[in-house]
Amino acid sequence: MATKKFMYVNRKAPYGTVYALESLEVVLIAAAFEQEVSLAFIDDGVYQIAKGQNTDGIGMKNFSSTYNALGDYEVNKLYVEKESLEERGLTADDLMPIMWEDEDEDWAEKPSVRIVSRAEMADILAEQEVTYSF
Amino acid sequence: MSMLHIVNKSPFERNAMDSCLKHAREGDAILMIEDAAVGAVDGSTIAGDIKAALADKTVYVLGGDLAARGMSEDRIIDGIKVVDYAGFVDLTVENEKTQSWV
Amino acid sequence: MKFTVMVNEGPYQHQSADTALHFVRAALEKGHEIFRVFFYHDGVNNGTRIAVPPKDDRLIQQEWSNLAKEHDLDLVICIAAAQRRGLMDAAESKRQGLDADNIIEGFRISGLGQLIEGGIQSDRTVVFGD
């Protein structure tokens with residue numbers, strides 16, 4: 001099967017709507033198809049990978065740890081927009097340290113989260129072949 | 001390799017249009033559908049942003065959505081093109097990729 | 001040209017289901033191929049046969065069903081999203097030990113892989129949502 005560049009654009013906060021969770025479910029299934037997969041976190045989407053999520057008070061399942069498993073599925077390009085963070089008073093330190101292990105470099109741990117500028121994000125979005133928006 | 005950006009949110013309620021305008025690149029096309037159609041009307045607080053986008057991008061509005069919201073075509077910003085669903089399909093063919101700003 | 005269309009919102013609540021229907025019709029009229037329409041999130045509600053809107057309103061689920069029959073369309077409801085929201089075909093209902101099924105003719109229930117396959121196989125993927 002042909003290889004295409006798939007992009008998952010996440011622009012909504014988790015829990016208020018189901019989009020973040022069901023977006024993640026697509027990404028996990030898509031991993032089996034051996035396509036080039038990238039995730040973009042723009043606008044409120046950056047809250048999806050905020051660290052310290054605690055859903056005890058709302059009775060909903062905390063699915064944030066699932067992002068840590070993405071590396072095992074060779075999904076390791078999580079682009080986060082710098083301006084989106086800044087507009088919300090956040091920095092890279094507010095995000096989960098999501099890592100992947102590079103098979104080619106003796107399983108060295110590398111960060112999956114890549115902070116990019118808005119202009120870089122525009123270029124990354126433009127490179128894609130199939131874009132799903134959540 | 002141009003991208004068709006599809007926006008369906010009123011720019012007065014949500015930031016989808018704003019975010020789209022900040023990420024669309026030169027030569028891209030932007031199509032306003034559903035509630036986003038109201039963004040095509042001239043004289044609004046966001047008309048300036050749309051006019052700026054028209055400098056290096058093409059902007060379209062789905063005619064049926066504009067009419068449904070009581071806005072006649074003579075009120076839209078100069079340079080915005082009105083399309084029907086067939087024109088919408090043509091835009092997805094002319095541009096190699098589409099991104100929906102839901 | 002070959003299209004896969006993704007529909008992410010239920011009928012009536014959002015216009016996106018209507019827009020997707022109009023888009024698919026227009027594409028077919030222009031001679032394009034609709035490889036698949038994939039229904040996700042609340043979009044799975046486009047596939048229920050147990051909906052009775054007022055007589056003077058459109059019947060979106062029936063329109064999809066009719067279009068599928070006319071053009072031999074592949075309308076796929078995501079099984080994971082459907083199970084959350086109470087959309088069941090006869091086989092799945094039986095498997096889950098439930099007493100009813102509610103999928104309208106022309107739709108089928110399958111996995112998310114169908115969406116990805118659509119993305120790979122089609123020239124264009126167009127997403128309708130909220």
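- An unreviewed UniProt entry annotates chain C as tRNA 5-methylaminomethyl-2-thiouridine synthase TusD originating from uncultured Thiotrichaceae bacterium.
- Entered under Subcellular location (unreviewed entry) in the UniProt record, the comment concerning chain C runs "Cytoplasm".
- Under the heading Sequence similarities (unreviewed entry), UniProt records this for chain C: "Belongs to the DsrE/TusD family."

- As recorded in an unreviewed UniProt entry, chain B goes by the name tRNA 5-methylaminomethyl-2-thiouridine synthase TusB, listed as coming from uncultured Thiotrichaceae bacterium.

**Brief notes about helix 1 (residues 19-30) of chain A**
Here comes step 1: For helix 1 of chain A, built from 12 residues, the straight-helix expectation of 16 Å at 1.5 Å per residue is met to within 8% by its first-to-last C-alpha distance of 16 Å.
Here comes step 2: The complete set of buried residues in helix 1 of chain A reads Tyr19(A), Ala20(A), Glu22(A), Ser23(A), Leu24(A), Val26(A), Val27(A) and Ala30(A).
Here comes step 3: Looking at the packing, one finds that the buried side of helix 1 of chain A touches strand 1 (5-10), strand 2 (36-41) and helix 2 (66-69) of chain A together with helix 3 (79-85) and helix 5 (113-121) of chain C.

**So, the interface of chain A and chain C**
Here comes step 1: With 22 residues of chain A in contact, the opposing surface of chain C contributes 21 residues.
Here comes step 2: Regarding the contact of chain A and chain C, the summed buried area is about 1700 Å², with carbon and sulfur atoms giving 62% of it.
Here comes step 3: Counting across the chain A and chain C interface gives 3 salt bridges.
Here comes step 4: Ionic pairing is found between Arg85(C) and Glu22(A), a salt bridge with its closest N-O pair at 3.0 Å.
Here comes step 5: Joining chain A to chain C, the criterion identifies 11 residue pairs in polar contact (both at pLDDT 80 or more).
Here comes step 6: Elements with a minimum of two residues in the side of chain A that touches chain C: strand 1, helix 1 and strand 7 (130-133) of chain A.
Here comes step 7: Looking at the side of chain A that touches chain C element by element, the count peaks at 8 residues for helix 1 of chain A.

**Regarding the sheet that holds strand 7 of chain A**
All names here are of chain A.
Here comes step 1: What the 5 strands build is an open sheet, ordered 6-3-2-1-7; its pairing is parallel. The open sheet has two edge strands with one neighbour each: strand 6 (113-116) and strand 7. The sheet shows a mean angle of 25° between the axes of neighbouring strands, taken without regard to direction.
Here comes step 2: The pairing of strand 1 with strand 7 spans 4 bridges and is parallel.

**Considering the interface of chain B and chain C**
Here comes step 1: Between chain B and chain C, the contact holds 20 residues from the first and 19 residues from the second.
Here comes step 2: Together, the buried faces of chain B and chain C total about 1500 Å²; carbon and sulfur atoms form 59% of this surface.
Here comes step 3: Per-residue buried area on chain B facing chain C is highest for Glu34(B), Tyr85(B) and Val89(B); these three make up 33% of the total on that side.
Here comes step 4: Where chain B packs against chain C, one counts 2 salt bridges.
Here comes step 5: Its salt-bridge partner being Lys9(B), residue Asp130(C) comes within 3.5 Å of it at the nearest N-O pair.
Here comes step 6: Taken together, chain B and chain C are joined by 12 residue pairs in polar contact (both at pLDDT 80 or more).

**Overview of the sheet that holds strand 2 (residues 33-39) of chain C**
All names here are of chain C.
Here comes step 1: With respect to topology, 5 strands assemble into an open sheet ordered 4-3-2-1-5, the strand pairing being parallel. This sheet does not close on itself; its edge strands, each paired only once, are strand 4 (107-110) and strand 5 (124-128). Direction aside, neighbouring strands of the sheet carry axes that sit 25° apart on average.
Here comes step 2: With 6 bridges connecting them, strand 1 (residues 2-7) and strand 2 associate as parallel partners.

**Considerations on the packing of aromatic side chains**
Here comes step 1: The full count for this structure, using the stated rule, is 13 aromatic pairs over all chains.
Here comes step 2: Taking 5.9 Å as the distance between ring centres and 65° as the angle between the ring planes, the aromatic pair formed by Phe88(B) and Phe128(C) counts as edge-to-face. In this pair, Phe88(B) sits in helix 4 (residues 85-94) while Phe128(C) sits in strand 5, so the two residues belong to two different chains. When sorted by exposure, Phe88(B) lands in the same class as Phe128(C), which is buried.
Here comes step 3: Pairing Phe3(C) with Phe23(C) gives two aromatic rings, centres 5.7 Å apart and planes at 75°, and the pair type is edge-to-face. Here Phe3(C), found in strand 1, pairs with Phe23(C), found in helix 1 (residues 16-29); they are 20 residues apart in sequence, far enough to count as distant.
Here comes step 4: Accessibility expressed as a relative area gives 0% for Phe3(C), which makes it buried.
Here comes step 5: Put simply, the rings of Phe6(A), Tyr8(A), Tyr132(A) and Phe134(A) pair up and form one aromatic cluster.

**Here's the deal with the layout of surface pockets**
Here comes step 1: Approximately 330 Å³ is the volume found for the largest pocket.
Here comes step 2: Considering the residues around the largest pocket, the lining is formed by 21 residues, among which Lys12(A), Thr17(A), Tyr19(A), Arg14(B) and Asp130(C) are closest to the centre.
Here comes step 3: Of the residues contributing to the lining of the largest pocket, the split by class is 5 nonpolar, 5 polar and 11 charged.
Here comes step 4: As a volume, the second largest pocket reaches approximately 280 Å³.
Here comes step 5: Lining the second largest pocket we find 13 residues, and of these Gly71(A), Glu74(A), Trp100(A), Glu101(A) and Glu103(A) sit closest to its centre.
Here comes step 6: Residue contributions to the lining of the second largest pocket peak at 4 residues, all from strand 4 (residues 99-102) of chain A.
Here comes step 7: Here the lining of the second largest pocket is composed, by residue class, of 3 nonpolar, 3 polar and 7 charged.

About the criteria used
- Residues numbered from 1 in each chain as written.
- Chains lettered and ligands numbered in written order.
- Predicted model: local features only at pLDDT ≥ 70, side-chain atom pairs only at ≥ 80, totals over all residues.
- Heavy atoms only, no water.
- UniProt positions renumbered as here; feature names shortened; annotations may be inferred.
- Helix = DSSP H or I, 4+ residues; strand = E, 2+ residues; numbered from the N terminus.
- Expected span 1.5 Å × (residues − 1).
- Buried < 20%, exposed > 50% of the residue type's maximum accessible area, 1.4 Å probe, protein only.
- Contact = heavy atoms within 4.5 Å.
- Buried area = accessible area lost by both parts, 1.4 Å probe.
- Salt bridge = Lys/Arg side-chain N within 4 Å of Asp/Glu carboxyl O.
- Polar contact = N/O pair within 3.5 Å; in protein donor to acceptor, adjacent residues only side chain to side chain.
- Pairing = 2+ DSSP bridges.
- Axes fitted to C-alpha atoms, helices over the stretch in contact; angles between N-to-C directions.
- Phe/Tyr/Trp six-rings, centres within 6.5 Å; stacked < 30°, edge-to-face > 60°.
- 1 Å grid on protein atoms, 1.4 Å probe; cavity = no way out; pocket = protein on both sides within 12 Å on 5 of 7 lines; lining within 4 Å.
- Points joined across faces, edges and corners; volume = space filled by probe spheres on them.
- Nonpolar A, V, L, I, M, F, W, Y, C, P; charged D, E, K, R; others polar.

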